[in-house]
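For reference, the chains in residue letters:
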Amino acid sequence: MAKTETEFGAALIESLKEVAAWKRGEIALPVRKIPSITAEQVKAIRKAVSKSPKDFAKRFGIPARTLEGWEQGRRHPDPAASALLRVIEKNPKAVEEALADPLSVAEPGE
């Protein structure tokens, strides 16, 4: 039986070889470290862009209870949440626009 290899299959095999080489310490892959955000920073970001935790939750899709845990230091944002908070801090409008639901329909009278 003849062996056929697709472009996708070849790329997948190459990727797996790269991962194995990285795991063995033979190569370094580019990494971007996201600095953690303190409870005080979370609170300052929220206060700068929203009147309340509920308003922040509505605008950015982060549950108010999650935000409360971060602000009180009971929990800490993971790297993805930290990155999102930094984007909200620098450009909240961009996040709101990215999260806007183009399929939502305004209620009568809105």
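Residues numbered from 1 in each chain as written. Predicted model: local features only at pLDDT ≥ 70, side-chain atom pairs only at ≥ 80, totals over all residues. Heavy atoms only, no water.

Q: Which residues make up the pattern of salt bridges, and what values do they have?
A: All chains considered together, the criterion is met by 4 salt bridges. Across the pair Glu26 and Arg24 runs a salt bridge whose closest N-O atoms are separated by 2.7 Å. The exposure class of Arg24 is exposed, given its relative accessible area of 54%. Of the charged contacts, one joins Glu68 and Arg74 as a salt bridge, the two residues approaching to 3.7 Å between their closest N and O atoms. (Salt bridge = Lys/Arg side-chain N within 4 Å of Asp/Glu carboxyl O. Buried < 20%, exposed > 50% of the residue type's maximum accessible area, 1.4 Å probe, protein only.)

Q: A description of the environment of Pro92 should follow, citing residues and the corresponding values.
A: Along the chain, Pro92 turns up in helix H6 (residues 92-99). For the pair formed by Pro92 and Arg59, sequence separation is 33 residues and the distance between their alpha carbons is 9.0 Å. When near neighbours in sequence (up to four residues on either side) are disregarded, Pro92 contacts Val49, Arg59, Phe60 and Val87. (Helix = DSSP H or I, 4+ residues; strand = E, 2+ residues; numbered from the N terminus. Contact = heavy atoms within 4.5 Å.)

Q: Let's hear about the environment of Leu67: which residues, and what values?
A: Structurally, Leu67 is set in helix H4 (residues 64-71). Look at Leu67 and you get buried, because its relative accessible area is 0%. Once the C-alpha coordinates of Leu67 and Pro77 are considered, the two residues, 10 residues apart in sequence, prove to be 8.9 Å apart. Not counting residues up to four positions away in its chain, the partners in contact with Leu67 are Val42, Arg46, Pro53, Phe56 and Ile62.

Q: Go over the nonpolar core with me, naming the residues and quoting the values.
A: Counting residues in each nonpolar core, the largest one holds 13 residues, and the members touching the most others are Val42, Phe56, Phe60, Ile62, Trp70, Leu85 and Ile88. Put simply, the parts of the chain that give this core at least two residues each are helix H2 (39-49), helix H3 (53-60), H4 and helix H5 (79-90). Apart from residues no more than four positions distant in its own chain, Leu85 is found in contact with Ile37, Val42, Ile45, Phe56, Ile62, Trp70 and Pro77. (Core = buried A, V, L, I, M, F, W, Y, C linked by side-chain atoms within 4.5 Å.)

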